[in-house]
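The primary structure of each chain is shown beneath.
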Amino acid sequence: MINEKRVRLLQKGNETNGPIIYWMSRDQRVHDNWALLFSQQIALEKKKPLIVLFNIVPDFLEATIRQYGFMLKGLQEIDSELAKYNIPFFLLAGKPDVQISEFLKQKYGSVLVSDFDPLKIKRIWKRDVAREIAIPFYEVDAHNIVPCLSVSDKLEFAAYTIRPKIHKALIEFMDEFPSLKKMGKTEIASDKIDWVKIQNSVKINFDVKEVDWLKPGETSALKSFKYFLKNKFENYYELRNDPSRDYQSNLSPYLHFGQISAQRVALETQKFNGNKESEKSFLEELIVRKELSDNFCYFNKNYDSFEGFHQWAKTSLNEHRKDERDFVYTIEQFEHAKTHEDLWNAAQMEMVTTGKMHGYMRMYWAKKILEWTKSPEDALRTAIYLNDKYEIDGRDPNGYAGIAWSIGGVHDRAWFERPVYGKIRYMNRNGAEKKFDIKSYIGKFFG
Ligand SMILES: Cc1cc2nc3c(=O)[nH]c(=O)nc-3n(C[C@H](O)[C@H](O)[C@H](O)COP(=O)(O)OP(=O)(O)OC[C@H]3O[C@@H](n4cnc5c(N)ncnc54)[C@H](O)[C@@H]3O)c2cc1C
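Rules used throughout
Residues numbered from 1 in each chain as written. Predicted model: local features only at pLDDT ≥ 70, side-chain atom pairs only at ≥ 80, totals over all residues. Heavy atoms only, no water. Helix = DSSP H or I, 4+ residues; strand = E, 2+ residues; numbered from the N terminus. Rg over C-alpha atoms; globule rule 2.2 N^0.38 Å. Buried < 20%, exposed > 50% of the residue type's maximum accessible area, 1.4 Å probe, protein only. Contact = heavy atoms within 4.5 Å. Areas by Shrake-Rupley, 256 points an atom, 1.4 Å probe, with all protein chains shown as cover. Lys, Arg positive; Asp, Glu negative; His and termini not counted. Charge placed at Lys NZ, Arg CZ, Asp CG, Glu CD. Near = heavy atom within 4 Å. Polar contact = N/O pair within 3.5 Å; in protein donor to acceptor, adjacent residues only side chain to side chain. Nonpolar A, V, L, I, M, F, W, Y, C, P; charged D, E, K, R; others polar. Axes fitted to C-alpha atoms, helices over the stretch in contact; angles between N-to-C directions. Parallel < 35°, antiparallel > 145°, perpendicular 65-115°, else oblique. Left-handed = near helix turned anticlockwise from the far one by under 90°. Domains from an automatic or database assignment. Buried area = accessible area lost by both parts, 1.4 Å probe. Core = buried A, V, L, I, M, F, W, Y, C linked by side-chain atoms within 4.5 Å. Phe/Tyr/Trp six-rings, centres within 6.5 Å; stacked < 30°, edge-to-face > 60°. Bend = angle between axes of the 7 residues up to and from the residue.

J.: How should I be thinking about the overall build of the chain in this particular structure?
T.: Across its full length, the chain carries 20 helices and 6 strands. By the compact-globule yardstick of 22 Å for 447 residues, the chain fits well, its C-alpha radius of gyration being 22 Å. In terms of overall dimensions, the chain has a C-alpha envelope of 65 × 45 × 40 Å along the principal axes. When each of the 447 residues of the chain is scored for burial, the buried share is 60%. Taking all contacts inside the chain whose residues are at least 6 apart in sequence as the whole, residues at least 24 apart take part in 80%. In the form shown here, the chain has an accessible surface area of approximately 20000 Å², with 51% of it arising from carbon and sulfur atoms. Taking the average place of the 68 positive charges on the side chains of the chain and the average place of its 63 negative ones, the gap between the two points comes to 2 Å.

What follows is the structure, given as structure tokens:
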């Protein structure tokens with residue numbers, strides 16, 4: 001049985017005799033997916049077929065082929081994996097309210113299930129779909145280990161306020177997943193999907209190329225995770241903050257597209273029983289920090305604007321608006337890595353060429369954007385624009401929270417006052433130099 005605290009009835013309705021339909025959105029995987037398992041549970045109880053659908057929005061928050069390609073290849077794997085379980089998969093394209101309501105009519109859908117997402121645009125899609133349909137509509141938190149709406153009912157101030165709540169609830173929610181069951185044969189046949197045609201039909205930016213160092217999809221996600229456990233985990237605690245070395249897990253693109261479950265990662269990490277310091281810090285990032293970001297985006301609708309910062313940060317940044325900046329760059333200069341500083345330029349190039357900037361450099365990168373733009377609003381706009389254009393894991397609550405932390409002190413505390421930053425925590429090149437071999441990092445991108 002799926003813990004009912006993961007499930008929320010978004011809208012009541014009247015069931016028909018048709019299939020149960022899972023509208024997969026954030027959690028794009030077949031296994032370890034509470035939303036799919038919940039959909040299957042009701043399908044089996046009610047002796048109804050189960051269908052999975054995914055709706056592609058042809059232009060989503062200015063995503064590029066780098067992100068769309070990663071997602072579409074993952075979906076292609078889902079299509080063939082679901083077939084093994086006799087679960088038909090459908091791919092729709094267009095506005096979710098129009099496409100999904102039309103699909104439900106065609107298939108006589110009896111119950112609609114979707115997965116939880118704290119971002120504004122996803123909540124609007126669900127609201128619009130709900131308006132068009134008359135069947136029950138459920139939402140299942142399949143992304144967080146402790147469901148976002150169960151751990152807290154308010155905006156949390158910082159990691160130290162949410163941590164004890166998460167740790168207490170983990171005992172209840174860190175359970176092993178049941179396996180997906182094979183459904184009986186159904187007369188509902190999936191459409192044959194022309195993946196190449198779909199990829200070419202999306203109206204997106206094709207200039208930001210796909211990357212080949214990280215293979216998309218559920219199988220590759222698990223493989224990458226196993227590689228991390230075997231080869232990097234032992235030194236994760238010590239080396240994860242060294243951008244000249246490769247000791248992070250590289251799981252964020254997979255977690256972002258839901259191609260791997262954070263709960264599976266946490267369960268296997270515990271079973272692995274490796275270096276205890278690494279385990280503690282990795283699970284802190286994977287669970288506490290990641291779930292804090294969902295809390296931030298769900299309970300603060302201004303997660304991507306200056307208004308979303310704490311009052312102390314807004315006051316302080318306002319007091320420093322007129323401070324003279326040593327350098328002011330345009331968005332194009334930032335984008336083309338044309339600042340005066342080789343370390344910042346290297347971070348930008350890491351993101352542009354690989355689609356994944358090292359975590360330590362993301363903080364440095366965003367803080368320097370605050371220092372070198374005319375206003376905190378410009379800084380926020382620039383950082384979100386570049387992050388979401390180039391990072392494979394962009395458009396994620398972690399991104400909005402990370403940028404708001406760097407530029408607006410969200411989840412942080414007030415520090416010593418200084419020009420431009422006010423009381424926002426400052427980072428500089430000397431600090432980076434003491435931490436790691438910056439020449440070696442820069443050399444990777446300007447060798
Ligand atoms: C300015 C800025 C922008 C960021 N943009 C994004 C983004 O667009 N997408 C994104 O997923 N993350 C973002 N982050 C958070 C973090 O930097 C990345 O999640 C991390 O570097 C991803 O690499 P990894 O999976 O190899 O990390 P690992 O160190 O292996 O961590 C494992 C997982 O823990 C979680 N995690 C790690 N660090 C953080 C953090 N600081 N906050 C929340 N969760 C964390 C992630 O889910 C990550 O995949 C941003 C941080 C900052 C400061």
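J.: Please explain the site of the ligand as it appears in this structure.
T.: In the vicinity of the ligand there are 27 residues, among which Tyr 236, Ser 249, Asn 250, Lys 356 and Asn 387 approach most closely. In the model, an oxygen atom of the ligand is placed 3.2 Å from a nitrogen or oxygen of the Gln 248 side chain. One of the backbone nitrogen or oxygen atoms of Asn 250 is found 2.6 Å away from an oxygen atom of the ligand. Contact with the protein chains removes 92% of the 830 Å² of surface that the ligand exposes when unbound. Of all elements in the fold, only helix 10 (252–256), helix 12 (276–299), helix 16 (359–371) and helix 18 (397–408) reach the threshold of two or more residues within the shell around the ligand. For the shell around the ligand, the element with the highest residue contribution is helix 12, accounting for 6 residues. For the shell around the ligand, the residue count by class is 8 nonpolar, 12 polar and 7 charged.

J.: Would you explain the packing of helix 11 (residues 262–272) against helix 12 in this entry?
T.: When two helices pack together, their arrangement is given by the angle between their axes and by how far apart the axes lie. Relative to each other, helix 11 and helix 12 sit at 160°, their axes nearing to 11 Å. With respect to helix 12, the element helix 11 is oriented roughly antiparallel. In the packing of helix 11 onto helix 12, the handedness of the crossing is left-handed. Every residue of helix 12 that contacts helix 11 at Ala 262, Val 265, Ala 266, Thr 269 and Gln 270 is listed here: Glu 279, Phe 282, Leu 283, Leu 286, Ile 287 and Lys 290. Residue classes in the contact of helix 11 with helix 12 are distributed as 7 nonpolar, 2 polar and 2 charged.

J.: Mind showing me how you'd approach the domain arrangement of the chain here?
T.: A common way to report how large an interface is uses the accessible area buried once the components associate. Here the domain parsing of the chain yields domain 1 (4–143), domain 2 (144–179 + 218–299) and domain 3 (306–445). A separation of 24 Å is found between the C-alpha centroids of domain 2 and domain 3. Listed as interface residues are 22 residues of domain 2 and, on the opposing side, 25 residues of domain 3. Summing both sides of the interface, domain 2 and domain 3 together bury roughly 2000 Å²; the carbon and sulfur share of this comes to 61%. Summed over the three residues of domain 2 that lose the most area to domain 3, namely Pro 243, His 256 and Phe 296, the buried surface amounts to 31% of that side. There are 8 residue pairs in polar contact (both at pLDDT 80 or more) connecting domain 2 and domain 3. No other element matches helix 12, which puts 7 residues into the side of domain 2 that touches domain 3. Each residue belonging to the side of domain 2 that touches domain 3 can be placed in one class, and the counts come to 8 nonpolar, 7 polar and 7 charged.

J.: What exactly am I supposed to notice about the nonpolar core here?
T.: Considering soluble globular proteins, one finds that nonpolar side chains tend to be buried as a cluster. Core analysis: the largest hydrophobic core is formed by 76 residues, its most contacted members being Leu 75, Phe 89, Leu 91, Phe 282 and Leu 286. Of the residues forming this core, the biggest block, 8 residues, is contributed by helix 2 (residues 65–83). Non-local contacts of Phe 89, meaning those with residues more than four positions away in its chain, are made with Val 52, Phe 54, Leu 75, Ile 78, Asp 79, Leu 82, Ser 190, Asp 191, Ile 193 and Trp 195. Phe 309, Phe 334, Ile 424 and Ile 438 belong to the second-largest nonpolar core, a separate cluster that totals 47 residues.

J.: What am I meant to see in the packing of aromatic side chains here?
T.: When we look at a pair of aromatic rings, we describe it by the centre distance and by the angle of the planes. Considering all chains together, one arrives at 27 aromatic pairs under this definition. Note on Tyr 329 and Phe 334: the rings are 5.6 Å apart at their centroids and 70° apart in plane angle, and the pair reads as edge-to-face. Classification of Phe 334 as buried rests on a relative accessible area of 0%. When the centroid spacing of 6.3 Å and the interplanar angle of 10° are considered together, the rings of Trp 344 and Trp 365 count as stacked. Separated by 21 residues along the polypeptide, Trp 344 in helix 15 (residues 342–354) and Trp 365 in helix 16 bring together distant segments of the chain.

J.: Hey, could you run me through the packing of helix 3 (residues 96–107) against helix 4 (residues 120–132) in this one?
T.: Running from amino to carboxyl end, helix 3 crosses helix 4 at an angle of 40°, the nearest separation of the two axes being 8 Å. On the basis of the axis angle, helix 3 is oblique to helix 4. With respect to the hand of their crossing, helix 3 and helix 4 are arranged in right-handed fashion. On helix 4, the residues that touch Pro 96, Asp 97, Ile 100 and Ser 101 of helix 3 are Trp 125, Asp 128, Val 129 and Glu 132. The class makeup of the residues in the contact of helix 3 with helix 4 is 4 nonpolar, 1 polar and 3 charged.

J.: Would you mind going over helix 6 (residues 159–173) with me for this structure?
T.: In an α-helix, one turn spans 3.6 residues, which is why side chains three or four residues apart end up on the same side. Along its length, helix 6 shows its largest kink, about 25°, at His 167. Buried residues of helix 6: Ala 159, Thr 161, Ile 162, Ile 166, Ala 169, Leu 170 and Phe 173, and no others.

J.: What exactly am I supposed to notice about unusual backbone geometry here?
T.: Despite not being glycine, Ala 337 has its phi angle at roughly 55°, a positive value. Within the element layout of this structure, Ala 337 appears in the loop between helix 14 (331–335) and helix 15. Of the residues examined, Ala 337 reaches a relative accessible area of 9% and is grouped as buried. Located in the positive-phi region is Val 420, a residue other than glycine, with phi close to 65°. The topology assignment puts Val 420 in the loop between helix 18 and helix 19 (429–435). For Val 420, a relative accessible area of 6% corresponds to the buried category.

J.: Honestly, the environment of Ala 383 in this entry has me stumped. Any pointers?
T.: Secondary-structure assignment places Ala 383 in helix 17 (residues 376–390). With sequence-adjacent residues up to four places away left out, Ala 383 is seen in contact with Trp 365, Ile 369, Ile 403 and Ile 407.

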